Amino acid sequence: MESPGSFLRQLRRQLLAFVLSSSRRLNLSPIVKYTALTFFADRFLPSLERYKLDSRARNWLLQPLTESNLQLFVLVSIHDTRPLSVKSLKTFADDIIQDQHFTTRDIVDAELVFMKRLFQVLRFDIGAMNITVIFLEELLSQFKEVAKAGDIMSISSCMDIMDLLYETEEMSKLYKYPHSLAVSVLVASYVMGVPAQRSEFPLLPWVKLTTSYKEEDIAEIVRSILEHVLEPTMKARGFEKAG
């Protein structure tokens, strides 16, 4: 019998793609989108890998785990971060979840299960303010004030990079360190988006001055981000990863 951890690892990429597509269709703000990702990908899913169900506490939403049930938990993670009615959420779920139709009662039950996992398993750490996109927006605003190259950069291009980091479990671990990840995404976006003739601003020294992070530490994270983001493009062009 397949373990919950193995099943979740197989589905992880599809589920996170489901988060992103649902976010686009619902036109979620960045803070809501990445809070939902934090709740679902960084907290809820890892808790299920360690899930041991007591026979006295069986819940059909968790045993057995199914893709459609997990998709419902994705929508619950969004619902818990914005004023979306249960009725509206059910309508959206009926449209986007293909294998099963859920009742409003099912949605309420899923919310109870979801919050219970966050509270009991994750030691009440359900805050939504310590996330990368908040720090990134603040840092980008500061950068635009001191560098003309900041006019070329946008929060949307930074978020494109952030979304790609969720493709693998290894890269998504960077989200455990939201401050350093925000800095690294800013630098990666600068490297990728600012033309060479306008990229003379001493970005890493400015980062060190502004955040107290060591240049070499940020450079190492940026290198990993760029390798992940650019590798598919390099392979498509027939290049091998450098170094």
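In short, a report on the structure.

Conventions and cut-offs
All chains use their own residue numbering, which begins from 1 and follows the written sequence. For a predicted model such as this one, the threshold for reporting local features is a pLDDT of at least 70, and the threshold for listing and counting side-chain atom pairs is 80 or more; totals across whole chains, interfaces and linings nevertheless cover every residue. Only hydrogens and water are set aside; all other atoms, that is, all heavy atoms of the structure, feed into the side-chain values. We define a salt bridge as a contact between a side-chain nitrogen of Lys or Arg and a carboxyl oxygen of Asp or Glu at a distance within 4 Å. Elements are defined by DSSP. Helices are runs of H or I of four residues or more, strands are runs of E of two residues or more, and each kind is numbered from the N terminus. Burial classes follow relative accessibility: with a 1.4 Å probe on protein chains only, a residue under 20% of its type's maximum area counts as buried, one over 50% as exposed, and anything between as partly exposed. The length a helix should cover is 1.5 Å for every residue beyond the first. Residue contacts are counted whenever heavy atoms from the two residues lie within 4.5 Å of one another. Only C-alpha atoms enter the line fits that serve as axes; for helices the fit covers just the stretch in contact. Angles between N-to-C directions range over 0 to 180 degrees. Here the angle decides the label: under 35 degrees means roughly parallel, over 145 means roughly antiparallel, 65 to 115 means roughly perpendicular, and every other value means oblique. If you view the pair so one helix is near and one far, a crossing is left-handed when the near helix is turned anticlockwise from the far one by less than a right angle, and right-handed when it is turned clockwise. Gly is put with the polar residues, along with every residue not named as nonpolar or charged; the nonpolar set is Ala, Val, Leu, Ile, Met, Phe, Trp, Tyr, Cys and Pro, and the charged set is Asp, Glu, Lys and Arg. Here the nonpolar core consists of buried residues drawn from Ala, Val, Leu, Ile, Met, Phe, Trp, Tyr and Cys, with membership extended through side-chain atoms lying within 4.5 Å. The rule is short: rings of Phe, Tyr and Trp, with Trp giving its six-membered ring, pair when the centres are within 6.5 Å, and they are stacked under 30 degrees, edge-to-face over 60, tilted in between. Residues forming no salt bridge and having over 30% relative accessible area are the ones grouped into patches, like charges within 9 Å of each other and nonpolar side chains (Val, Leu, Ile, Met, Phe, Trp, Tyr) within 5 Å. Using the Shrake-Rupley algorithm and a 1.4 Å probe, accessible areas are obtained, with residue cover drawn only from the displayed protein chains.

1. Here we look at the pattern of salt bridges
Point 1. For the coordinates displayed, the defined rule picks out six salt bridges.
Point 2. Of the charged contacts, one joins Arg25 and Asp95 as a salt bridge, the two residues approaching to 2.3 Å between their closest N and O atoms. Taken together, the positions of Arg25 in helix H1 (residues 4-25) and Asp95 in helix H4 (residues 86-96) put the pair 70 residues apart, joining distant regions of the chain.
Point 3. With relative accessibility at 43%, the residue Asp95 sits in the partly exposed group.
Point 4. Measuring nitrogen to oxygen at the nearest pair gives 2.8 Å for the salt bridge that ties Asp163 to Lys33.

2. Examining helix H6 (residues 132-146)
Quick reminder: α-helices carry 3.6 residues per turn. Residues three or four places apart thus point the same way.
Point 1. In a regular helix each residue adds 1.5 Å, so 15 residues correspond to 21 Å; H6 covers 21 Å between its end C-alpha atoms and thus fits that length.
Point 2. Its buried side turned inward, H6 meets helix H2 (30-49), helix H7 (155-165), helix H9 (178-193) and helix H10 (203-211).

3. Comments concerning the packing of H2 against helix H3 (residues 67-79)
Point 1. Relative to each other, H2 and H3 sit at 140°, their axes nearing to 9 Å. Taken together, the axis directions place H2 and H3 in an arrangement best described as oblique. Seen from above, H2 lies across H3 with right-handed handedness. Here H2 contributes Ala36, Phe39, Phe40, Phe44, Leu45 and Leu48 to the contact with H3, which in turn contributes Leu70, Phe73, Val74, Ser77 and Ile78.
Point 2. Of the residues contributing to the contact of H2 with H3, the split by class is ten nonpolar, one polar and no charged.

4. Structural notes on the packing of H2 against H6
Point 1. At a minimum axis separation of 8 Å, H2 and H6 run at an interaxial angle of 145°. Residue-level contacts link Pro30, Ile31 and Tyr34 of H2 to Val133, Ile134 and Glu137 of H6.
Point 2. Of the residues in the contact of H2 with H6, the class split is five nonpolar, no polar and one charged.

5. Some details on the nonpolar core
Point 1. Grouped together as the largest cluster of nonpolar side chains are 80 residues, with contacts concentrated most on Phe40, Leu70, Phe73, Leu75, Val185 and Ile225.
Point 2. Broken down by element, the residue count for this core peaks at ten residues, all from H2.
Point 3. Not counting residues up to four positions away in its chain, the partners in contact with Leu70 are Phe7, Leu8, Leu11, Leu15, Phe40, Leu45, Leu48 and Leu65.

6. Describing unusual backbone geometry
Glycine aside, the phi torsion of most residues is negative, and most peptide linkages are trans.
Point 1. The phi torsion at Asn27 lies on the positive side, around 55°, for a residue other than glycine.
Point 2. Residue placement: Asn27 occurs in the loop between H1 and H2.

7. Regarding the packing of aromatic side chains
Point 1. Under the definition given, this model contains nine aromatic pairs.
Point 2. Between the aromatic rings of Phe39 and Phe114, the centroid separation amounts to 6.5 Å while the plane-to-plane angle is 65°, which identifies the pairing as edge-to-face. Of the two residues, Phe39 sits in helix H2 while Phe114 sits in helix H5 (residues 104-121), which places them 75 residues apart along the sequence.
Point 3. Of the residues examined, Phe39 reaches a relative accessible area of 6% and is grouped as buried.
Point 4. Cluster of aromatic residues (ring-pair linked, three or more members): Phe39, Phe40, Phe44, Phe73 and Phe114.

8. Thoughts on a nonpolar patch on the surface
Point 1. Residues Val191, Met192 and Leu230 make up a contiguous nonpolar surface patch of roughly 240 Å² in combined accessible area.
Point 2. Within the element layout of this structure, Met192 appears in helix H9.
Point 3. Exposure remark for Met192: the relative accessible area of 41% places this residue in the partly exposed category.

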